[in-house]
Each structure stands twice: as structure tokens, then as C-alpha cells.
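Chains, contacts and geometry: an overview
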Amino acid sequence: MAIKTGEEYRQRVLKRKPKVYLGGNRVNSLMENPTTRSVIEANVQVYELAQRPEYQDVMTAKSHLSEDIINRNLHIHQCIDDLDKRAGMALLTAQKLGTCNYRCPGCDMLSAMASIAWEVDKKKKTEYYQRLMTYLEFLQKNDLVLSGATTDTKGDRSKRPSEQDPDMYVHIVDRKSDGIVVRGAKQHQSGAYAADETMVLTGLACHKGEEDYAIAFAIPTGSPGMSYICQYNPYTAERENTDDLSYLGNPIYGQRETCLIIFDNVFVPWERVFLCGEIEYTQQLIARFAKMHRMNCGGACKVGFIDLIIGATALTAEYAGISKMPHVMDKITSMVNIRETVSACSLAAAFKGREEPQGSGIWLPDDAYSNAAKLNVSTGFWQVMALAADIVGGLVATMPHERELENPEIKQYAKKYLKAASSAEKRLRIAKFLQHWVAGLHGASTWHGSGSTQAQMITLYRITDFEEKKRLAKDLAGIKD
Ligand SMILES: Cc1cc2nc3c(=O)[nH]c(=O)nc-3n(C[C@H](O)[C@H](O)[C@H](O)COP(=O)(O)OP(=O)(O)OC[C@H]3O[C@@H](n4cnc5c(N)ncnc54)[C@H](O)[C@@H]3O)c2cc1C
């Protein structure tokens, strides 16, 4: 059986000791630290969703390699229905977790990488595709958590790697008979320390002379030379400094946790190398991963987050006694409109997907709709945050700790003055949940996750046929050249 349980995953994590640093200290136990544990619990929940009969259609798929039923996070999409269900999985996991499905970038890399490996092999007689399929069989058989790393630290963005410290982009420093040695770092890596494996893709559309940067490979978590430096923010401090997580808004799964992965002369055997020096394919590799990820992380996942914000905002309106006020209903409807627009782009990306390259059997989403999904959510999410903040009122920023409702010295005042059309308990609980979305990390995270907006603008400009549009306008306006 290729579907594993959350408990089996937990046991694997317990056995590993990757070098993870958080708040200036080494994390000795990923399970005991409340922040790193939130990533593990999110992964456990993704395993459990795949076990539940009502979600199996979305969360599982039939492997094209073994015909076994596998977790959809490890599936190479074979048709439009697969793309639709992939987007459906992003929506479902976002709704159930209120944070990342940390297997999402790795999942999106698999199909993009397979598509490029197939193409390179066909043109260059390499063996990347077969290597990748052997690796994929191993992942599927063991139902492993695969994270995905493409974002280099990049240093001075105006300079190419050779014009600055070359380690600003992950690159090959040595080629051996049995593999390559890589150095550099990947930043903003979602949940990587709690994954079983990480797939690493070049983040650079490489030029001639940059062959050492044109790489793709997979590596087990905590391999020699790898360290993980975790993000740290007020939400981390809050989580560290409480003995009762239930007050934290999203108690179990928390914030979207990321880290900086250091690769200090890390050895990768050839059987795990899927691109090595083929600079002419790097731009396409990035673009194919980006459109997968923009349909899912940029589109469907954020639709799930918006569902949570809309639900919490509707509750807060009820609790305050304003749910039937026309302007409140209008504002909530505007949130729904943004939600449906992003959802439509994401679904259109799936339904307009195509086999790429033809004959490969690998299906990828439509370029324009996937980029439009991400671009719309980047601005739409700020609007949703603003509308929610308007309706919840200043309480979202000024609320006291829920514990004041149990503090014998002042609880009678806290309960009396913080109640509205509902109890103070309910108001504070949902306001805290909204604080997590409205006054937290999610606006900036949504903007940059799966690529800052300029990347989508460039793509949309590049792929749009402006000549065709000019011709249409000229025809109707009666302009003859
Ligand atoms: C919550 C979160 C989770 C993420 N998870 C993952 C993950 O799991 N795996 C992964 O690989 N990545 C992940 N990312 C990374 C994400 O894809 C990047 O944040 C995004 O690509 C932007 O890169 P950056 O953060 O380095 O921003 P920067 O590149 O520093 O961009 C900042 C600004 O500089 C501009 N800029 C940058 N370079 C240039 C240039 N050369 N010319 C002109 N303008 C430029 C940008 O347009 C932008 O306006 C995650 C990000 C977030 C926020």
C-alpha cells in the first residue's frame, strides 16, 4: 500500500536530527519545539486527509508508474482531471490547515521537472527522465514528504553570479565520478526541515558560462553539509511563550513556517541529479514550475485561506450584531467576488492545461490563467485583509489576551466590556483568529510566495499575442496599412 499514515511519518521525523536553528538556538527535537511541531502536525493532517474516504478522490491518485494508489502530492499529472484535482487538493488543504500544505512546492516541481527531463533526454540522449522516475517510484512507494527549493538568496539582484559572491546561487563546486558537490543556500523554504526529502531546482535562467548553476537534484533532509535557519517573528515568540496553544488563533498549524537551507559542500549522487549544465532548459524549467505553483499555491490555496477569512469575518459580524447591515453585507460580498475571481483563474488554468511536451504524457496548466490567478490574488488578498479588518473593528489590533477572561482580579470587567451580541469569549477567539490573517504575515507571504508580482507581469506580457489584438482592433476601426 503506497498510502502511509501520519503516525508513520511522525516516527520517521523522530529518528532524524537535522541541524535546525530557531531564535539563535539549535532545535534538539522538532517534535517538542512548538514552532517546528506545527509543521509536523500540518504534514500529519495531510496524510490523514488522504486516509479519509470523503477526500480520497482529491487527495490520492493512481500512479502512472505502478498503478498503485498514491498520495496526490507525489503524482505526475496525466490529464486535465488530474490538474483539476491538484488544484482541488490545494484548496482543501488550505481550508483544513489555514497554513501551507508543505508538500505543495515539491509536488509542483515533480511534474515540471518530469516535463523538462523528458524533453532534454529526447534532444540530448541523456537519462534524466528515467532517473527521475526511479526516484519518483521510491517517493511513491514510501509516501514521503517532498519539499521544493528554488529560491536562491541571490545577493545583489542587479548582478549575475560571476559578478558577486558565487554562492549567492546554489551551484556545482565539484564534479566527481559518483556525483556532484553543491554549495549555496535556498531561502524561504516552506517546512523543509520536517520533510523527508527536498527537490532543488535552479532559480536562475542561466546564460552561457553559468553551466554550474543549471542544476536540479533531490537530497534527503539533514544530509551532511545541510543546515536550516528558521524564520522568527512575533508569532514565533508568542508560540514559544505560552503553555496553552489554544489562544493562538491557529493553535495546531500556526503560521506558514519557512527556513533558509544552507548547502555547504553537499554531495549529491548522480542518480539524484536531474539537470546538470543544460543552461538552455533552465528558463523553461522555472516557467513550468512557476505556472504549476501559481495555479495551486498562488491560486487555489489562497482561495482556501480567503474562505477562512470570509467565514471568520461573517462570524465576527454576527458576534458584533452588524451582520445584517447593508454595507457589511456588501463588503463580505466583495470578499466573495475576489475569492471567485481567483478561483476561476485557477480552475481555468487546470481546464485549459495541455500535454507538455506533446507525447510526454505529462500535463501542465495554462500559462496565462495560472499567472493571472497569482497576480489577482496578490492584490486581492490585501483587499480581503482590509475588508475583514474593517468589519472586525479595532479589536483585531487592540484585543487583550483571552486569559483576562479568567483573571480573578478583572474578569468581571473583561467579560462585561468585551461582550457584544455574543460573549466576550467568542469575540476574542475569532478576533485572534482574524489577527493571524489580517495583522500577521499572510499579506506579504501571499504577495511573494510563488513569485513576486513582477514575475507574473513579465510572463503575461511575454506570452500575450499583442499583434493579434492589434489586428482585431485595426479590422474593426477600418485601418489599412
Ligand atoms: C511564505 C513564503 C513561502 C515560500 N515558500 C517557498 C518554498 O517552499 N520554496 C521556494 O523555493 N521558495 C519559496 N518562497 C519564495 C518565493 O518564491 C520568493 O519570495 C519570491 O520568488 C520572491 O523572491 P525574494 O523573496 O527573494 O524577493 P526579491 O527577489 O528580493 O524581490 C524583492 C523585489 O525586488 C524585485 N527584484 C528582484 N530581483 C530583481 C531583478 N533582477 N530586477 C528587477 N527587480 C528585481 C522584485 O520584483 C521585488 O519587487 C516562499 C516565499 C514566501 C514569502
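Predicted model only: the values in this text are computed from it and were never measured.

The next thing to look at is the overall build of the protein chain. Scanning the protein chain from terminus to terminus reveals 16 helices and 14 strands. Expected size for 481 residues packed as a compact globule is a radius of gyration near 23 Å; at 23 Å, the protein chain falls within 12% of this value. If one aligns the C-alpha atoms of the protein chain with their principal axes, the spans along those axes are about 75 × 70 × 50 Å. For the protein chain, the exposed area adds up to about 20500 Å²; of that, 54% sits on carbon and sulfur atoms. Computed over 59 positive and 58 negative side-chain charges, the inter-centroid distance for the protein chain is 2 Å.

The next point concerns the environment of Leu 132. Structurally, Leu 132 can be placed in helix α6 (residues 128-142). On the basis of relative accessibility, which here comes to 1%, the residue Leu 132 falls in the buried class. Contact partners of Leu 132, with chain neighbours within four places excluded, come to Leu 110, Met 113, Ala 114, Met 199 and Phe 274.

Once that is clear, we can look at the sheet that holds strand β10 (residues 226-230). Strands sit in the order β2-β1-β10-β11-β7-β6 across an open sheet of 6 strands; the sheet is mixed. Among the strands making up the open sheet, the edge pair consists of β2 (25-26) and β6 (171-175). Pairing analysis gives 4 bridges linking β6 to strand β7 (residues 179-190), with the strands arranged antiparallel. Residue pairing across strands places His 171 opposite Arg 183, the latter belonging to β7.

Let's shift gears to the packing of aromatic side chains. Taken as a whole and assessed by the stated rule, the structure comprises 8 aromatic pairs. Aromatic side chains Tyr 169 and Tyr 213 sit 6.4 Å apart centroid to centroid with 80° between the ring planes, which places their arrangement in the edge-to-face category. You can see Tyr 169 sitting in the loop between β5 (146-149) and β6 and its partner Tyr 213 sitting in the loop between β8 (197-201) and β9 (215-220), a full 44 residues away along the chain. Taking relative accessible area as the criterion, Tyr 213 reaches 9% and is therefore assigned buried. When the centroid spacing of 6.1 Å and the interplanar angle of 90° are considered together, the rings of Phe 217 and Phe 263 count as edge-to-face. Within this pair, whereas Phe 217 is found in strand β9, its partner Phe 263 is found in strand β11 (residues 258-269), the two being separated by 46 residues in sequence. Phe 217 sits in the buried class, given a relative accessible area of 0%.

What surrounds the ligand is a group of 20 residues, the closest being Thr 150, Thr 151, Lys 154, His 188 and Ser 190. One of the backbone nitrogen or oxygen atoms of Thr 150 is found 2.7 Å away from an oxygen atom of the ligand. Between an oxygen atom of the ligand and a side-chain N or O atom of His 188, the distance comes to 2.8 Å. Considering the ligand on its own, with 970 Å² of exposed area, one finds that the protein chains cover 65% of that surface. At the level of secondary structure, the elements contributing two or more residues to the shell around the ligand comprise β5, β7 and α14 (442-448).

Turning our attention to the environment of Ile 219. Inspection of the secondary structure assignment puts Ile 219 in strand β9. Taking C-alpha positions, Ile 219 is 8.9 Å from Asp 196, a pair spaced 23 residues apart along the chain. Ile 219 has contacts with Glu 197, Thr 198, Val 200, Met 226, Phe 263, Val 266, Phe 267, Val 268 and Arg 272, leaving out every residue within four places of it along the chain.

The next subject is the pattern of salt bridges. Taken as a whole, this structure holds 37 salt bridges when the rule is applied. A salt bridge links Lys 123 to Glu 119, with the shortest nitrogen-to-oxygen separation between them at 3.7 Å. One end of the pair is Lys 123 and the other is Glu 119, both in helix α5 (residues 104-124) and 4 residues apart, which spans about a single turn. Taking the shortest distance from any N to any O, the salt bridge between Asp 152 and Lys 186 comes out at 3.1 Å. Taken together, the positions of Asp 152 in the loop between β5 and β6 and Lys 186 in strand β7 put the pair 34 residues apart, joining distant regions of the chain. For the residue pair Asp 152 and Lys 186, the accessibility class agrees, reading buried in each case. Bridged by salt links that share partners, the residues Glu 119, Lys 123, Arg 288, Lys 291, Arg 354, Glu 356 and Asp 367 form one connected network.

The rules behind the values
- Residues numbered from 1 in each chain as written.
- Predicted model: local features only at pLDDT ≥ 70, side-chain atom pairs only at ≥ 80, totals over all residues.
- Heavy atoms only, no water.
- Helix = DSSP H or I, 4+ residues; strand = E, 2+ residues; numbered from the N terminus.
- Rg over C-alpha atoms; globule rule 2.2 N^0.38 Å.
- Areas by Shrake-Rupley, 256 points an atom, 1.4 Å probe, with all protein chains shown as cover.
- Lys, Arg positive; Asp, Glu negative; His and termini not counted.
- Charge placed at Lys NZ, Arg CZ, Asp CG, Glu CD.
- Buried < 20%, exposed > 50% of the residue type's maximum accessible area, 1.4 Å probe, protein only.
- Contact = heavy atoms within 4.5 Å.
- Pairing = 2+ DSSP bridges.
- Phe/Tyr/Trp six-rings, centres within 6.5 Å; stacked < 30°, edge-to-face > 60°.
- Near = heavy atom within 4 Å.
- Polar contact = N/O pair within 3.5 Å; in protein donor to acceptor, adjacent residues only side chain to side chain.
- Salt bridge = Lys/Arg side-chain N within 4 Å of Asp/Glu carboxyl O.

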